[in-house]
Amino acid sequence: MDMLKKMHNPGLDGKGGYKLLAPSQKYNLAFCTEEEISIAEHFREFVDAELMPYRHDLEGGWHRDPALAKKTIHRLYRKLHEFGVTKAILPEKHGGPGLSPVVRQMINEELSRADIGLATKVGKLHWAISVMVAAGRDDLLEEFAPKLVGEDAWTACFAITEPAGGANVEDPALAYKTLNTVAREDGDHYVIKGHKLWPGPSGPAENFQSDDLKGHMGYWVVAITEDGGGDDNVGIFHVPADADGLEFSKPYEKMGFCYSEANTDIWFNDVRIPKRYRIDTKPGQGTQLIKGYVIGLGRLAGAARLTGLSEAVLETCMDWTQNRIIAGTPMRQRSLFAATLAEMWRSIEISRQYYLSVTAQVARPDIYGNPWDAQMKAKFSAARSFAGDTAMMVTNRAMQLMGSAGYAYESHIEKYMRDYKIVQMWLGGAERDRMDMSQGLYGPFKWAGDN
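Residues numbered from 1 in each chain as written. Predicted model: local features only at pLDDT ≥ 70, side-chain atom pairs only at ≥ 80, totals over all residues. Heavy atoms only, no water.

**Topic: the overall build of the chain**
The secondary structure content of the chain amounts to 13 helices and nine strands. Since a compact globule built from 451 residues should have a radius of gyration of about 22 Å, the 22 Å found for the chain is in line with a globular shape. Taking the principal axes of the C-alpha coordinates as reference, the chain spans close to 80 × 55 × 40 Å. Buried residues in the chain amount to 59% of all 451 residues. Sequence separation of at least 24 residues holds for 74% of the intrachain contacts in the chain that already meet a minimum separation of 6. Approximately 18200 Å² of the chain is accessible, and the part contributed by carbon and sulfur atoms is 53%. (Helix = DSSP H or I, 4+ residues; strand = E, 2+ residues; numbered from the N terminus. Rg over C-alpha atoms; globule rule 2.2 N^0.38 Å. Buried < 20%, exposed > 50% of the residue type's maximum accessible area, 1.4 Å probe, protein only. Contact = heavy atoms within 4.5 Å. Areas by Shrake-Rupley, 256 points an atom, 1.4 Å probe, with all protein chains shown as cover.)

**Observations regarding the environment of I129**
Within the secondary structure, I129 is located in helix α5 (residues 116-134). Of the residues examined, I129 reaches a relative accessible area of 1% and is grouped as buried. Residues I129 and G284, 155 residues apart in the sequence, show an inter-C-alpha distance of 20 Å. If we ignore the near neighbours within four places in the chain, the residues touching I129 are T86, I89, L90, L141 and L148.

**A short note on the confidence of the model for the chain**
When pLDDT is low, close inspection of the predicted coordinates is not appropriate. Looking at the chain, the pLDDT average stands at 94 and 95% of residues meet or exceed 70. Here residues 3-15 is a poorly scored stretch, pLDDT under 50, and it has 44 contacts once near neighbours within four places are set aside; other chains count. (pLDDT = per-residue confidence, 0-100.)

**Here we look at the nonpolar core**
Of all hydrophobic cores here, the largest spans 125 residues; its most connected members are W220, I236 and V239. It is helix α7 (residues 285-323) that contributes the most residues to this core, 16 residues altogether. Aside from chain neighbours lying at most four places away, what touches V239 is I192, G218, Y219, V221, L246, F268, V271 and I273. (Core = buried A, V, L, I, M, F, W, Y, C linked by side-chain atoms within 4.5 Å.)

**Regarding helix α3 (residues 66-82)**
An ideal rise of 1.5 Å per residue puts 24 Å on 17 residues; α3 measures up with 24 Å between its terminal C-alpha atoms. Among the residues of α3, A69, T72, I73, H74, L76, Y77, L80 and H81 are the ones counted as buried. The inward-facing, buried residues of α3 contact α2 (34-51), α4 (101-114), α5, α6 (138-149) and β1 (154-159). Trailing α3 by a residue or two, G84 shows a phi angle of about 95°, which is positive. (Expected span 1.5 Å × (residues − 1).)

**Let's talk about the packing of aromatic side chains**
Under the definition given, this model contains 12 aromatic pairs. The interplanar angle of 35° and the centroid separation of 4.6 Å between the aromatic rings of W127 and F158 together place this pair among those described as tilted. Linking W127 in helix α5 with F158 in strand β1, this pair joins segments that are 31 residues apart in sequence. You can call F158 buried: its relative accessible area is 3%. (Phe/Tyr/Trp six-rings, centres within 6.5 Å; stacked < 30°, edge-to-face > 60°.)

**What to know about the pattern of salt bridges**
Summed over the entire model, instances satisfying the criterion amount to 39 salt bridges. Here R113 makes a salt bridge to E110, at a shortest N to O gap of 3.4 Å. With R113 and E110 both in helix α4, this residue pair falls three residues apart, about one helical turn. In terms of burial, R113 and E110 fall into one category: buried. (Salt bridge = Lys/Arg side-chain N within 4 Å of Asp/Glu carboxyl O.)

**A look at the packing of α4 against helix α8 (residues 335-362)**
For the pair α4 and α8, the least separation of the axes is 9 Å and the interaxial angle reads 150°. The angle between α4 and α8 falls in the class roughly antiparallel. For the pair α4 and α8, the sense of crossing is right-handed. Counted together, P101, V102, Q105 and E109 of α4 and R352, Y355, L356 and T359 of α8 form the full contact between these two elements. A class-by-class count of the residues in the contact of α4 with α8 yields four nonpolar, two polar and two charged. (Axes fitted to C-alpha atoms, helices over the stretch in contact; angles between N-to-C directions. Parallel < 35°, antiparallel > 145°, perpendicular 65-115°, else oblique. Left-handed = near helix turned anticlockwise from the far one by under 90°. Nonpolar A, V, L, I, M, F, W, Y, C, P; charged D, E, K, R; others polar.)

**Looking at the state of the cysteines**
Structurally, a disulfide amounts to a covalent bond that connects the sulfur atoms of two cysteines. The full count for this structure, using the stated rule, is zero disulfides. This cysteine, C258, is not joined by any disulfide, and C157 carries the nearest cysteine sulfur, 18 Å off. For C258, a relative accessible area of 14% corresponds to the buried category. (Disulfide = S-S within 2.5 Å.)

**Considering the environment of D152**
You can see D152 is positioned in the loop between α6 and β1. Relative accessible area serves as the criterion here: at 39%, D152 is assigned to the partly exposed category. Along the chain, D152 and R78 lie 74 residues apart, while their C-alpha atoms are 7.7 Å from each other.

**So, the pairing of strand β5 (residues 234-239)**
Most of β5 sits inside the fold, with six of its six residues counted as buried. Neither face of β5 is exposed, since V234, I236 and H238 on one face and G235, F237 and V239 on the opposite face are all buried. Bridging between strand β4 (residues 215-224) and β5 involves six bridges; their strand directions are antiparallel. Bridge pairing in β5 places V222 opposite I236. (Pairing = 2+ DSSP bridges.)

Have a look at this one:
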């Protein structure tokens, strides 16, 4: 049995003795089973023991040593693979444990307590699996299964954004008209030409080979099949990491996710792939997968990760304010500071219960709609936007409470503050979230000026 799925008796207390932060308290039986909560408890203990001590090393330490960062990322990712996390949602018929969408979000939350970039790296593989499962591509899942369930660890990447339009891919009114990456049929192949920004982890295939990481499984690429786009002319294509014609920029130097996510430009210079590597197989299925599983459920995963990051900040702040003594009394027992910590927890708790509720609704499309429907996209967007606002508030409040200690490298607060922002911005960002919420509430409509 996989280590991730072993049963475990959950304890009463979370880290630091905070009962309300223990999986047995924070994960609601209205949305989860007792077994799923036990899995979350077991994974939380793994995160605390195996990942938390190395949070600074994921950025190469104070001096940002890239060799230390790469070694740490690959080593911890391998530990996650051995623990069964990377294949957690792979269906049982393909050799995986087939854990539920709720467990997937619990993994996102608990792993993000240690490092949201590492959670995102795991999430890219989950993303690829979920899209192939949704498309009914058992043939591709069977092809990739030996890598997913084998002893070696592999990574993967989605390539969505382009230079022209930025978040236009996320705007249903534009119907992919601004996409310029084109996959053209050529006999038994597609030939892909175009330019993508920000995909990660990306780069030369050898960058993802080490004693702990076997390699890169490739790129799941959003591309149009005819100039001008349109909902019926878009799809998702798998491009092997070592395909001829791939060209990469150097990794971007970023505020957060400094090494855990190697983001580059990718140029597809007439990259030739077999026809079977087009994930969608039916007219209109490509746009459903992109709207529902790439954008919509991608935002929901972001909500869980942001919630986990916020909880880690709260835990750190509560521990520090217990040990910071003011006139003989722990700081957190002073009413002003106690109220601030309570507000931080309240927002985290609401964020969690909402993303769990929406995750449960995904399993009932007969009642709530398909993931690509406007009303579900509105809920995904509400979950991510609220969790993003929570992360912004919690990191700021923690730094205010902790003062110079929060600002210092050693506390980890400054890293959590740097890391949350990109998760709040990707897949359309907080503003796009609001617009998609309105579309679900009283749409459909187009913005002024759209044709």
